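As a plain string of letters, each chain reads:
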Amino acid sequence: MSRLVIVSNRIADPRKAAAGGLAVAVKDSLQETGGVWFGWSGKLRDAGNDATHRGDGVQVQTVGGIQLATIDLDPRDYDAYYLGYSNNVLWPVFHYRLDLAQFDRRFADGYRRVNQLFARKLYPLLRPDDIVWVHDYQLIPLAAELRAMGCTNPIGFFLHIPMPPLPIMAAIPEHEWLMRSLFAYDLVGFQTEADLLHFEQYVEAEAGAARLPNGRLRAFGRTLSAGAFPIGINVDEFAALAGDRDGIAMFDRMRDEYSRRQLLVGVDRLDYTKGLPQRVHAFRELLERYPENRSRATLIQIAAPSRENLGAYDDLRREMDSLCGAINGDYGELEWMPMRYIHRTVARKRLPGLYRASRVALVTPLRDGMNLVAKEFLAAQDETDPGVLVLSRFAGAAEQMKEALLVNPYDTQGTAQAIQRALAMPLDERRQRYTALMATIRKYDVHWWRTRFLDALADASEAAVAQP
Ligand code: ADQ
């Protein structure tokens, strides 16, 4: 059987909890099949030490049947590739935030340099029948660099974040190069049909792409397959976590403490795409417009620290501190605080208990590739008394999860109204919505995602051999 080689910017130690959708999903995928996970170690090399450039800089360890292969980065490369191009160009623009993008040619140069470094380090590790699966926006040009070295393995790419429409994409000075680079892959996968459509519209309008009879796209002198593969979670594992000792202990503690209250929950990385300030505004509006929730409703918002060395994140942190302080100051009473805001990563095994004790989940990003928290919340519910999911229409998950209460997070009043509806929803309706949503997340779980993508990659690479 072919070996699966997964490549992503960061790798996560399978023994440790990870706050981040990619790490969670890739870990679930690799744990089943075994294979290699290649990426940046998260460490910086001392300046002047060019060990990785001499070809001996790959650290390999085997953990739980998975081979982890990592390289360190030079601080200058880290600044340009990671902080610069990945976090200050691709992340904001792909989330439609042109206002936060900082375009600088040196960032693009560093991005290319690190992709070349990844290719140089990875290529000697590959066996002829390996299948290579590259993840996310940090590594768009990796296949092109591998192909330039002579690599003929099947290579697939999955974009975890949204694909913006053409007029937004075209704001990136290197947009043509990025899109051309994608054509070195055999298969490119997106989270949603909407993302796929944006990609197709771009290549048709900007590169005159033609659709071949077998469904593949031809542009830039190469062909590729493209598809939507909505990412899922490991439903059974997550549901089981809710039933194990830590899950039950957490649930009991929460239920005890909030027995007379309605609990609402939000769990996110602290990121400007997640719509956290807008969520607090909506919750404040709820207390103002529906005063019956005062002394009753409590929102627990957990925000895991993320990319703290970027200015936009400092601003967000300060804004959240101030909004949460103000809501508690304005509405809190001696025996009730409307919000508990926790700026920390919570152990994964504690999340299901927290979700299960909550009547409502607020998953209201301004833009999100998919959003796994929406799915995890459902998987943890008690089917006899399930909670309600309030979900942003701008999360990729909304394309699949129509039975959630869909909201526009920019519309504070509309969101407050939906939260009120969720809090008051009768058991029958909660059950109906839960049953329909669970059927979807069960069918399209993480195993489905991996299998569908890898099957499509096998087909695509056969088609590419027939018609490069
Ligand atoms: P993320 O932006 O990281 O992922 P998401 O899909 O919500 O977003 O995944 C976050 C994961 O980290 C979840 O498994 C969640 O439980 C965990 N997590 C988040 N905050 C946490 C906290 N405070 N404590 C503990 N755990 C926490 C990217 C894209 C998403 C896409 C995923 C997967 O931005 O749109 O869904 O990849 O493709």
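Here, the structure is the one placed above.
This section reports on the structure supplied with the text.

Conventions adopted
- Along every chain, residues carry numbers that run from 1 in the direction the sequence is written.
- Since the coordinates come from a predicted model, pLDDT governs what is reported: local features require at least 70, and pairs of side-chain atoms require 80 or more to be given and counted, while whole-chain, interface and lining totals use all residues.
- Where side-chain values are given, they derive from all heavy atoms of the structure, hydrogens and water being excluded.
- A helix here means a DSSP run of H or I that spans at least four residues, while a strand means a run of E at least two residues long, and both kinds are numbered starting from the N terminus.
- Relative accessibility under 20% of the residue-type maximum defines a buried residue, over 50% an exposed one, and the middle range a partly exposed one, all with a 1.4 Å probe and only protein chains included.
- Working rule for contacts: check all heavy atoms of both residues, and any pair within 4.5 Å makes them a contact.
- When we say a residue is near a molecule or strand, we mean one of its heavy atoms is within 4 Å of it.
- The definition of a polar contact used here is a pair of N or O atoms within 3.5 Å, where within protein one atom must be able to donate a hydrogen and the other to accept one, and adjacent residues in sequence count solely through side-chain atom pairs.
- For every accessible area listed, the method is Shrake-Rupley and the probe measures 1.4 Å; residues are considered covered only by the protein chains on display.
- Classes in brief: Ala, Val, Leu, Ile, Met, Phe, Trp, Tyr, Cys and Pro nonpolar; Asp, Glu, Lys and Arg charged; the others, Gly included, polar.
- When DSSP locates at least two bridges between a pair of strands, those strands are taken to pair.
- Assignment of crossover handedness uses the view with strands pointing away from the viewer, where a clockwise path from the first strand over the helix to the second indicates a right-handed crossover.
- To define axes, lines are fitted to C-alpha atoms, for helices over the stretch in contact only, and angles between the resulting N-to-C directions are given on a 0 to 180 degree scale.
- Orientation labels follow simple angle bins: below 35 degrees gives roughly parallel, above 145 gives roughly antiparallel, 65 to 115 gives roughly perpendicular, and whatever is left gives oblique.

1. So, the side chain of Asn87
- Mapping Asn87 onto the fold places it in helix H2 (residues 75-94).
- When its relative accessible area of 1% is taken as the criterion, Asn87 is described as buried.
- Apart from residues no more than four positions distant in its own chain, Asn87 is found in contact with Tyr82, Pro92, Tyr137, Tyr272, Arg307 and Leu310.

2. Some details on the site of the ligand
- Taken together, 27 residues lie around the ligand, and His160, Asp368, Met370, Leu372 and Glu376 are the ones closest in.
- Measuring from an oxygen atom of the ligand, one finds a side-chain N or O atom of His160 at 2.6 Å.
- Between the ligand and the protein, one listed contact pairs an oxygen atom with a backbone N or O atom of Leu372 at 2.8 Å.
- Across the complex, the protein chains shield 97% of the 710 Å² of accessible surface that the ligand would expose by itself.
- Put simply, the parts of the chain that give the shell around the ligand at least two residues each are helix H1 (21-33), strand S11 (262-269), strand S12 (297-304) and helix H13 (372-379).
- When its residues are assigned to classes, the shell around the ligand shows 13 nonpolar, seven polar and seven charged.

3. Let's talk about the environment of Pro291
- Here Pro291 is to be found in the loop between helix H10 (276-289) and S12.
- Given a relative accessible area of 44%, Pro291 falls into the partly exposed group.
- When the C-alpha atoms of Pro291 and Pro338 are compared, they prove to be 12 Å apart, with 47 residues separating the residues in sequence.

4. With respect to the pairing of strand S15 (residues 388-392)
- Counting buried residues along S15, five of its five residues qualify, which places the element largely inside the surrounding structure.
- With burial as the criterion, each face of S15 is covered, one bearing Val388, Val390 and Ser392 and the other bearing Leu389 and Leu391.
- Pairing of strand S14 (residues 360-363) with S15, which is carried by four bridges, proceeds in the parallel orientation. Across the sheet, the residue bridging to Leu362 is Val390, located in S15.
- You can see the chain leave S14, run along H13 and come back into S15, and the turn it takes is right-handed.
- In the sheet, S15 pairs with strand S16 (residues 405-407) via three bridges, with the strands oriented parallel. Bridge assignment links Ser392 to a residue of S16, and that residue is Val407.

5. Describing the sheet that holds S14
- Taken together, the six strands give an open sheet; going across it, the order is S13-S12-S11-S14-S15-S16, and neighbouring strands pair in parallel fashion. For this open sheet the edge positions go to strand S13 (339-342) and S16, each flanked by a neighbour on one side alone. For this sheet, the mean inter-axis angle between neighbouring strands, taken without regard to orientation, is 20°.
- Relative to S14, S11 is paired through two bridges, and the arrangement is parallel. Bridge pairing in S14 links Val265 to Ala361.

6. Considering the packing of H10 against helix H11 (residues 311-331)
- Orientation of H10 relative to H11, taken along the N-to-C sense of each, is 10°, at an axis distance of 10 Å. Viewed along their axes, H10 and H11 adopt a mutual orientation that is roughly parallel. Across the interface between the two elements, Leu276, Pro277, Val280, His281, Phe283, Arg284, Leu287 and Glu288 of H10 pack against Leu316, Glu319, Met320, Leu323, Cys324, Ala326, Ile327, Asp330 and Tyr331 of H11.

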